[in-house]
2 protein chains.
Amino acid sequence: MNSFSIGVDLGGTNLRIAAVSEQGHLMEKVTLGTRVALGKDHVIHEMCDAIHLLTAKYRNTASLQGIGIGVPGIIDMKTGTLRESPNLPGWAESPVQAQIERLLSTRVILENDANVAALGEKWLGAGRDVDDMIMLTLGTGVGGGIVLGGRIWHGMTGMAGEFGHMTVEPEGPPCGCGNRGCVEQYASATAVVRMAKEAIASGRAPELASAANSDPEFSAKAVYNLAIQGDEEARRIFGRVGRALGITIANLVNAFNLPMYVIGGGVSSAWQAFAPFIFEELRQRSLVYAATAPSSLQPGDHRATGQIAADGPTRTIVTLALLGSDAGLYGAAQLPMTPGRQ
Amino acid sequence: MNSFSIGVDLGGTNLRIAAVSEQGHLMEKVTLGTRVALGKDHVIHEMCDAIHLLTAKYRNTASLQGIGIGVPGIIDMKTGTLRESPNLPGWAESPVQAQIERLLSTRVILENDANVAALGEKWLGAGRDVDDMIMLTLGTGVGGGIVLGGRIWHGMTGMAGEFGHMTVEPEGPPCGCGNRGCVEQYASATAVVRMAKEAIASGRAPELASAANSDPEFSAKAVYNLAIQGDEEARRIFGRVGRALGITIANLVNAFNLPMYVIGGGVSSAWQAFAPFIFEELRQRSLVYAATAPSSLQPGDHRATGQIAADGPTRTIVTLALLGSDAGLYGAAQLPMTPGRQ
């Protein structure tokens, strides 16, 4: 009998649930809204009902391995407790894993959302040919995940991969974390909008000003649209996105020397506008990158290269994520399939 | 029969060889000069003669596990080739490991000197109660080593741990590696002397100027001596050392979330002068440190704390190395003892 598992992406806005086969085939995907206002118990019951329906449909033809759930926030992996989660108000210090296991009588693994995205890209996306990789997820904030030897690297207390709060400019803009000049202050959707508003306020960005005036939900996407139309100020903003990411990735390459660094999340759709600046910074700032860069290739394009030799990779690849918003769903589904997992 | 191994610290100036028991007891240490000018073959023969004498003395009472050699430079771990080494001119691209194995008919493991220092501190020094740690070695440059699960983490091509070239100030002083504002430009002995000379040139450091004038070998140690005597400019220089280290360690804590970060090397003897600035930066710049700092303790003092609980460590310790210049010797000796090593 084939086996499958359930992957859940439990965000502050959307709740998505997928049945995924052990080969990584998406069997079915269900999308619900996360009705945060109705409280934790309501959301968990609604989620468990949907999971129950989905597993009932497939359990005659395949055996259920378990349920993996990606959530935004800090998780105590030993107890399955959600310690804090800004996007799920009222969920702090909840033993979420135990509650769901009781409701479903099935093994449940809770994991940070940026970590499951990294695991999904490792399993079925950009990182499928490497064992070790880092992923940066550029969304409202900047999240990160580390995969070593095919598994999520949690660090001592489950907080490894907080790349979004690595310092780019010691005296840069203040960040909610208490630091200044975090990469999140340059490379998140929030930062793109802030930089656009700063440019508008300075009076030197008429196109951005008119876009912001005509669009009450002026977003990073609107800034990107102007950048690809050639607007200088919008392009300059994505230059700052790329330079900040380049400094951060150069630091990561110098520290970890991994074969792959994957960039995903909503802002990564502006790859064309910021990626050249990443590679420029990387070449100048990382002696490890300089020694291992895939020199004869298009930056970011590793698939046609055969760079990954039989005795292991020897080139540092920095590339766009492939799975979009499904990375987290696949990664969550993979959690119960990992052999020897505690 | 007990077993022992030979650890070698092959530097550009000194060649030190130690016989170390499997329990980590130093049986005997031999110090020679590295006569680099006489060429690679001469140095290797002299080293092998000394190793031969040392092993002959002990092999009736203990069995030799092998020989570990720490060298400055980049090593191809698969072939045991020294790819480049600025401190050992003429040794680039040498199959050093094979040559020594032929001469001694014993298993030889070549390893980067900063990596063996980290392994030594893990085995017998500051990191002996943790499995995962990072070490920064502040010498002429700034070296680094990563130990994960009790073993050196090499990364893809053996270049992991190049912390010295992580960016602190994107527009800071140029570094030989091609980057600007590397931590090595603030926290190495070379950088301390450069900053002192800059202060002297600015005319605002009369004490430093008179120390430099009276001492033809004006060094980081001389700057430290003035700092502990209260000289403002000398203290300001060690403030910059500490702040740059603090930013770098904050970035490492946010990325790796390890239980321990150890600072060694010659400049670390100025710990009193720079450490307070490290902790100030760490508290402000790392949310991971803030969540895991040993709050009720003297910073840096972890030994009396019992912080390392039975189910693993939960606190982030930043502390001074304990083994001084012997860390590399012990770490090199430990290399052949690591079970399952390739």
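Analysis parameters
Residues numbered from 1 in each chain as written. Chains lettered and ligands numbered in written order. Predicted model: local features only at pLDDT ≥ 70, side-chain atom pairs only at ≥ 80, totals over all residues. Contact = placed C-beta atoms within 7 Å. Helix = DSSP H or I, 4+ residues; strand = E, 2+ residues; numbered from the N terminus. Nonpolar A, V, L, I, M, F, W, Y, C, P; charged D, E, K, R; others polar. Least-squares fit on C-alpha atoms with pLDDT ≥ 70 in both. Buried ≥ 20, exposed ≤ 12 C-beta atoms within 10 Å, placed from the backbone. Pairing = 2+ DSSP bridges. Axes fitted to C-alpha atoms, helices over the stretch in contact; angles between N-to-C directions. Domains from an automatic or database assignment. Expected span 1.5 Å × (residues − 1). Arc of directions from axis to C-beta.

Trainee: A description of the interface of chain B and chain A should follow, citing residues and the corresponding values.
Mentor: Contact residues are listed per partner, giving 35 residues for chain B and 35 residues for chain A. Counting residues per element, the ones that place at least two in the side of chain B that touches chain A are helix H8 (232-256), helix H9 (271-285) and helix H10 (287-292) of chain B. Looking at which element gives the most residues to the side of chain B that touches chain A, the answer is H8 of chain B, with 7 residues. Considering only residue class, the side of chain B that touches chain A consists of 19 nonpolar, 13 polar and 3 charged.

Trainee: Can you break down the relation of the copies chain B and chain A residue by residue, with the values?
Mentor: When chain B is fitted to chain A, the residual RMSD is 0.0 Å, and the transformation amounts to a turn of 180° plus an axial shift of 0.0 Å. Look at the turn and shift together and you get a two-fold axis relating the two. For chain B, the smallest separation between a C-alpha atom and the rotation axis is recorded for Glu169 of chain B, amounting to 3.3 Å. Mapped onto chain A, 100% of the interface residues of chain B are again interface residues, and the two copies thus contact each other with one and the same surface.

Trainee: Residues and numbers for the environment of Ala117 of chain B, please.
Mentor: All names here are of chain B. In this fold, Ala117 is placed in helix H3 (residues 113-124). Judged by local crowding, Ala117 falls into the buried class, with 34 C-beta atoms found within 10 Å. Separated by 118 residues in sequence, Ala117 and Arg235 place their C-alpha atoms 28 Å apart. Apart from the residues lying within four places of it in its own chain, the contact partners of Ala117 are Met135, Thr137, Gly145, Gly264, Ala327, Gly328 and Gly331.

Trainee: So what's going on with the sheet that holds strand S3 (residues 26-33) of chain B? Which residues, and what values?
Mentor: Residue and element names in this part refer to chain B. Ordered in space as S3-S2-S1-S4-S7, the 5 strands form an open sheet in which the pairing is mixed. Where the open sheet ends on each side, the last strands, each with one partner, are S3 and strand S7 (108-112). If you compare each strand with its neighbour and ignore which way they point, the axes differ by 20° on average. Two elements, strand S1 (residues 2-10) and strand S2 (residues 14-21), share 7 bridges in a ladder whose sense is antiparallel.

Trainee: Now, about the domain arrangement of chain A: what can you tell me, with residues and values included?
Mentor: Residues and elements named next belong to chain A. For chain A, the domain assignment lists domain 1 (2-120 + 327-337) and domain 2 (130-322). Distance from the C-alpha centre of domain 1 to the C-alpha centre of domain 2: 28 Å. Counting from both sides, the interface comprises 12 residues of domain 1 and, opposite them, 15 residues of domain 2. At the level of secondary structure, the elements contributing two or more residues to the side of domain 1 that touches domain 2 comprise strand S5 (74-76) and helix H3 (113-124). Among the elements that make up the side of domain 1 that touches domain 2, the one with the highest residue count is H3 (6 residues). Residues that form the side of domain 1 that touches domain 2 fall into these classes: 8 nonpolar, 1 polar and 3 charged.

Trainee: Residues and numbers for the sheet that holds strand S9 (residues 142-148) of chain B, please.
Mentor: Each strand in a sheet pairs with another by means of backbone hydrogen bonds, the pair being arranged parallel or else antiparallel. Residues and elements named next belong to chain B. Here 5 strands make up an open sheet; going across it, the order is S10-S9-S8-S11-S14 and the pairing mixed. Each end of this open sheet is capped by a strand with a single partner; those strands are strand S10 (151-152) and strand S14 (317-320). Two elements, S9 and S10, share 2 bridges in a ladder whose sense is antiparallel. Counterpart to Val147 in the pairing with S10 is Ile152. Set on the sheet, H3 makes contact with strand S8 (133-138), S9, S10 and strand S11 (260-264); between it and S9 the angle comes to about 50°.

Trainee: How would you sum up the pairing of S9 of chain B? Please name residues and give values.
Mentor: Residues and elements named next belong to chain B. Burial of S9 is extensive: 6 of the 7 residues sit out of reach of the surface. With 6 bridges joining them, S8 and S9 adopt antiparallel strand pairing. Paired with Leu138 across the bridge in S9 is Val142.

Trainee: So what's going on with the pairing of strand S6 (residues 81-84) of chain B? Residues and values would help.
Mentor: All names here are of chain B. Where strand S5 (residues 74-76) and S6 come together, 3 bridges link them in antiparallel fashion. Looking at the pairing, Ile74 lines up with Glu84 of S6. Hairpin connection of S5 to S6: 4 residues between the antiparallel strands, including Gly80 at a positive phi of 70°.

Trainee: Quick rundown of helix H1 (residues 40-58) of chain A? Include the residues and the values.
Mentor: Residues and elements named next belong to chain A. Between its terminal C-alpha atoms H1 stretches 27 Å, which fits the 27 Å expected from 19 residues at 1.5 Å a residue. Taken together, the buried positions of H1 are Val43, Met47, Ile51 and Leu54. Down the axis of H1, the buried side of the element spans an arc of 65°, and every buried residue falls inside it. Exposed and oriented more than 90 degrees from the buried face of H1 are Asp41, His42, Asp49, Leu53 and Ala56. Buried residues along H1 sit in contact with strand S1 (2-10), strand S2 (14-21), strand S3 (26-33), strand S4 (62-71) and helix H2 (96-104).

Trainee: Let's hear about helix H5 (residues 189-201) of chain A: which residues, and what values?
Mentor: All names here are of chain A. Taking 1.5 Å per residue as the helical rise, H5 with its 13 residues ought to reach 18 Å, and the 18 Å between its terminal C-alpha atoms agrees with that figure. Every buried residue belonging to H5 is among Ala189, Ala191, Val192, Met195, Ala196, Ala199 and Ile200, and all of these are buried. Packing partners of the buried residues in H5 comprise helix H4 (184-187), helix H6 (206-214), helix H7 (220-228) and helix H8 (232-256). Just downstream of H5, Gly203 is the residue with a positive phi angle, here 80°.

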